[in-house]
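The residues making up each chain are set out below.
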Amino acid sequence: IQNLSSFQSGLLPLPPNSTRERTLTFNTLTKSYFGPAYAKATKIQRATQLSKHLLVIENQTQLSEVPFSDRFKVLERWVVEAVKNRNDGNGGRGGGGGGLY
């Protein structure tokens, strides 16, 4: 379990095996009763291929121009693992482990 201080800097470093990163800026609806109806958002997307069968996708999203927006960000990390398609006698429906988690 990681403590809160490890998340304060944003996305954590990963091995530089094969990393691609991009930064997006856009306006988003805030759905807030106070403050502006729309806010500027910045999203950093990073994909790192750790091996032939393992990919890590990370997103960091932060709003600006709304009250206290410098105190909050959304961090996502998806780990995608390639698994062999096996014949489990169930027509490929369920039962086997692996996949996306």
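Thoughts on the pattern of salt bridges
Stage number 1. Scanning the entire structure with this criterion turns up three salt bridges.
Stage number 2. Of the charged contacts in the structure, one is a salt bridge between Lys40 and Glu65, with a shortest N-O distance of 3.8 Å. Of the two residues, Lys40 sits in strand S2 (residues 38–51) while Glu65 sits in the loop between strand S3 (54–64) and strand S4 (74–81), which places them 25 residues apart along the sequence.
Stage number 3. One salt bridge connects Glu58 with Arg77, and the closest N-O pair in it is separated by 2.4 Å. On the criterion of sequence distance, the pair formed by Glu58 in strand S3 and Arg77 in strand S4 is long-range, its members being 19 residues apart.
Stage number 4. A relative accessible area of 1% places Glu58 in the buried class.
Stage number 5. A network of salt bridges, in which partner residues are shared, links Arg46, Glu58 and Arg77.

What to know about the confidence of the model for the protein chain
Stage number 1. Chain-level statistics for the protein chain give a pLDDT mean of 78 and a share of 67% at 70 or above.
Stage number 2. Taken as a whole, residues 1–8 scores under 50 in pLDDT and shows five contacts with residues more than four places along the chain or in a different chain.

What counts as what
Residues numbered from 1 in each chain as written. Predicted model: local features only at pLDDT ≥ 70, side-chain atom pairs only at ≥ 80, totals over all residues. Heavy atoms only, no water. Salt bridge = Lys/Arg side-chain N within 4 Å of Asp/Glu carboxyl O. Helix = DSSP H or I, 4+ residues; strand = E, 2+ residues; numbered from the N terminus. Buried < 20%, exposed > 50% of the residue type's maximum accessible area, 1.4 Å probe, protein only. pLDDT = per-residue confidence, 0-100. Contact = heavy atoms within 4.5 Å.

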